[in-house]
Amino acid sequence: MIQTEKQKNSGLEIEPDTFNVLVVEDVKLFAQAISMALEKNRIRCDLAFNAEEALAKCRNRSFQAILLDHRLPDDDGIRLIPVLLGRQNKCSVIVMTAYESIPDAIQAIRQGADDYVVKETDFQPIIDRIQEIRHLHQIRRIGEGWDEHRKEGLQGSSPGIVRVREQIKKVAKRADTTVLLTGETGVGKEVVARYLHKLSGTDNGKFVSVDCVALPSSLVESLLFGHEKGAFTGADRTKNGIFHEAGNGTILLDEIGDMDLSLQGKLLRVLENRSFQRVGSVREYSVVARIVAATNRDLGELVEKSSFRLDLFQRLSVFPIQIPPLRERGDDILILAKHFLDFFSQKMKIKIEPLSPEVQECLLSYNYPGNVRELKNIIERAVIITESGKVKLKHLPERMHYIKIGYNTSVDPVGYHSINFIPGIDTMKTLEEKLIRRSLIHTGGAKAEAAKLLGISRFQLLRRMQKYQMEPEGEDEN
């Protein structure tokens, strides 16, 4: 899928002020029952009974929400999420499953899903969630105000995000330098690319985002480089490609790690020569736009597996920028939460009180597999469902109410797994304190190693130690 600053949609039938839901479910009776329940609530539905049908329907119409079955006859629903989002980039995905699984839920969110629900005969929870998304769709307008809001992902004072801002400012002065953005899903790679575009002083040039997952192999050269009239069947006129349309702006090649090998070779030639040819032409056109590549995958590992070209990897890595995950950004979580809270309360015209210490602690304790994008969704949802103008713990997703106090069993320290539980005396709080103390004893007070054993970040460990007024056993070399 290709986007420009004017938010053009490539061939999708966009109907203004509508809300369409695609239900992807192989059990036809269940799919039809959900559809009927949603339509009774004036929500328009379309049905797809397998992955192939879902992708075909996403090519021809626009959907604002997708209810996606976890298990499909021709594909895995979670694996399908980024492909669907590549074709419906303003869409919310809710994964449906017959059996609840926390690892699957985390994986779904990492792939870009907004929620993960268990199938039940009572459709009301699904209807309520879709209604929330519809309300968000009505208040959310993609424009300059929203773009300014999206830049908030770069706010904060943690060392990692400060380093990112400094790197952006340095490379912005060199418009011909290729930049590689790496980081987990949801950390804000496109936000960084847009900020770089703005600082580069190329406002006359366009910012064009290309989803490498969604590029159709049969048309990819034409989309990227353009074509001459008569170059192939159906080419009834000369057409410019992305590299021409971007001018002196910025081209973001998103999810570059998923680019087809045959296209990698063509892209390498463009980067090396800074020129390209339209399909059906021998004329050379210069590339003046900055190329920014982004990926959530380890390109070095892909090179070892021979699924990514070494020479292209080296060419893209001229100026790499690693964007830290939200769980490593400490109090930036609260800074971002406040900005999201202010933004959505203003948009929804609801006066919201500052977050309570209990809610702040819950926000700081969560690991955010979906990173900044997930935090934004959490705050949006909380603002929608609060009734008193005060966000409470019950307004946060249930998955956040469970404190992660597990540890890495592969390390298998002697006696570490034997935590005594005293019925009537011990609580979740006391058990957590016991685990922390035991981990610190095992690591000799090394907080980073203790955090690793507990499966949390060092910052989260320090917060908990402060809460329990702990002093580590031994010396901390970290």
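Trainee: Explain the pattern of salt bridges to me, please; I cannot follow it from the model alone.
Mentor: Where charged atoms from two side chains of opposite charge approach closely, those side chains can pair. Per the stated rule, a full pass over the model turns up 20 salt bridges. The residue Asp-46 makes a salt bridge to Arg-61 at a minimum N-O spacing of 3.6 Å. With Asp-46 in strand β3 (residues 44-48) and Arg-61 in the loop between α2 (51-60) and β4 (65-69), this residue pair connects regions lying 15 residues apart in the sequence. Taking the relative accessible area as the measure of exposure, Asp-46 reaches 18% and is therefore buried. Salt bridges sharing common partners tie together Glu-25, Asp-69 and Lys-119.

Trainee: For this particular structure, what's the right way to read the confidence of the model for the chain?
Mentor: Parts of the model with low pLDDT should not have their predicted coordinates read in detail. Of the residues in the chain, 82% have a pLDDT of 70 or more, and the chain-wide mean is 79. Within the model, pLDDT remains below 50 along residues 1-17, and this stretch shows 44 contacts once partners closer than five positions in the same chain are excluded. Note that pLDDT drops below 50 for residues 139-150; the model gives that stretch 21 contacts with residues more than four away or on any other chain.

Trainee: Which parts of the structure should I look at to understand unusual backbone geometry?
Mentor: Phi is mostly negative for residues that are not glycine, and the peptide bonds are mostly trans. With phi around 50°, Tyr-368 is a residue other than glycine that occupies positive phi space. Along the polypeptide, Tyr-368 turns up in the loop between α15 (357-365) and α16 (371-385). We note that Asn-371 has phi near 60°; this positive angle belongs to a residue other than glycine.

Trainee: Just to check I follow, could you spell out helix α3 (residues 77-87) for this structure?
Mentor: The periodicity of an α-helix, 3.6 residues per turn, causes residues three or four positions apart to be oriented the same way. Among the 11 residues of α3, 9 are classified as buried, and the element is accordingly described as predominantly covered. Between the side-chain oxygen of the N-cap and the backbone nitrogen of Ile-78 there are 3.1 Å, and the N-cap of α3 in question is Asp-76.

Trainee: Help me understand the sheet that holds strand β7 (residues 92-97), please; the structure alone is not making it clear to me.
Mentor: Strand pairs in the sheet, formed through backbone hydrogen bonds, run parallel or antiparallel to each other. Spatial ordering of the open sheet is given by β3-β2-β4-β7-β8, a layout of 5 strands whose pairing is parallel. With partners counted over all chains shown, the strands left at the sheet margins are β3 and β8 (115-118), one partner each. Between one strand axis and the next, the sheet turns by 20° as a mean value, whatever way the strands run. Here β4 pairs with β7 via 5 bridges, running parallel.

Trainee: Just checking my understanding: could you explain the packing of aromatic side chains for this structure?
Mentor: What characterises a pair of aromatic rings is the spacing of the ring centres plus the angle enclosed by the ring planes. This model, assessed by the stated rule, comprises 7 aromatic pairs. When the centroid spacing of 6.0 Å and the interplanar angle of 25° are considered together, the rings of Phe-225 and Phe-276 count as stacked. On the criterion of sequence distance, the pair formed by Phe-225 in helix α9 (residues 220-225) and Phe-276 in strand β14 (residues 275-276) is long-range, its members being 51 residues apart. Grouping residues by exposure puts Phe-225 and Phe-276 together as buried. An angle of 25° between the planes, with centres 5.7 Å apart, marks the rings of Phe-276 and Tyr-285 as stacked.

Trainee: Explain the packing of helix α18 (residues 447-454) against helix α19 (residues 458-467) here, please?
Mentor: In helix packing, the relevant descriptors are the interaxial angle and the interaxial distance, both defined with respect to the helix axes. Packing of α18 against α19 leaves a shortest axis separation of 8 Å and a crossing angle of 100°. One finds that α18 runs roughly perpendicular with respect to α19. Here α18 contributes Lys-447, Ala-448, Ala-450, Ala-451 and Leu-454 to the contact with α19, which in turn contributes Arg-458, Leu-461, Leu-462 and Met-465. Looking at the contact of α18 with α19 residue by residue, the classes come out as 7 nonpolar, no polar and 2 charged.

Trainee: Looking at this structure, I do not really get α18. What am I missing?
Mentor: Along α18, the positions that sit buried rather than exposed are Lys-447, Ala-450, Ala-451, Leu-453 and Leu-454. One face of α18 carries all of its buried residues, which in axial projection span an arc of 160°.

Trainee: Explain a negative patch on the surface to me, please; I cannot follow it from the model alone.
Mentor: Side chains of Asp-26, Glu-52, Glu-53 and Asp-74 sit close together on the surface and give a patch of like negative charge. On the basis of relative accessible area, Asp-74 is assigned to the partly exposed category, the value being 38%.

Trainee: Just checking my understanding: could you explain the nonpolar core for this structure?
Mentor: Grouped burial of nonpolar side chains is what soluble globular proteins tend to show. Counting residues in hydrophobic clusters, the biggest one holds 31 residues, and the most contacted among them are Leu-224, Phe-243, Ile-251, Leu-253, Ile-256, Leu-267 and Phe-308. Put simply, the parts of the chain that give this core at least two residues each are β10 (207-211), α9, α10 (242-245), β13 (250-254), α11 (261-273), β16 (290-295), α12 (299-304) and α13 (310-316). Here the element with the most residues in this core is α11; it accounts for 5 residues. Apart from the residues within four sequence positions on either side, Leu-224 is in contact with Val-210, Gly-241, Ile-242, Phe-243 and Leu-263. Among the nonpolar cores identified, the runner-up in size contains 27 residues, and Ala-382, Val-383, Leu-396 and Met-400 belong to it.

Basis of the calculations
Residues numbered from 1 in each chain as written. Predicted model: local features only at pLDDT ≥ 70, side-chain atom pairs only at ≥ 80, totals over all residues. Heavy atoms only, no water. Salt bridge = Lys/Arg side-chain N within 4 Å of Asp/Glu carboxyl O. Helix = DSSP H or I, 4+ residues; strand = E, 2+ residues; numbered from the N terminus. Buried < 20%, exposed > 50% of the residue type's maximum accessible area, 1.4 Å probe, protein only. pLDDT = per-residue confidence, 0-100. Contact = heavy atoms within 4.5 Å. Polar contact = N/O pair within 3.5 Å; in protein donor to acceptor, adjacent residues only side chain to side chain. Pairing = 2+ DSSP bridges. Axes fitted to C-alpha atoms, helices over the stretch in contact; angles between N-to-C directions. Phe/Tyr/Trp six-rings, centres within 6.5 Å; stacked < 30°, edge-to-face > 60°. Parallel < 35°, antiparallel > 145°, perpendicular 65-115°, else oblique. Nonpolar A, V, L, I, M, F, W, Y, C, P; charged D, E, K, R; others polar. Arc of directions from axis to C-beta. Patch = residues over 30% accessible without salt bridge, like charges linked within 9 Å, V, L, I, M, F, W, Y side chains within 5 Å. Areas by Shrake-Rupley, 256 points an atom, 1.4 Å probe, with all protein chains shown as cover. Lys, Arg positive; Asp, Glu negative; His and termini not counted. Charge placed at Lys NZ, Arg CZ, Asp CG, Glu CD. Core = buried A, V, L, I, M, F, W, Y, C linked by side-chain atoms within 4.5 Å.

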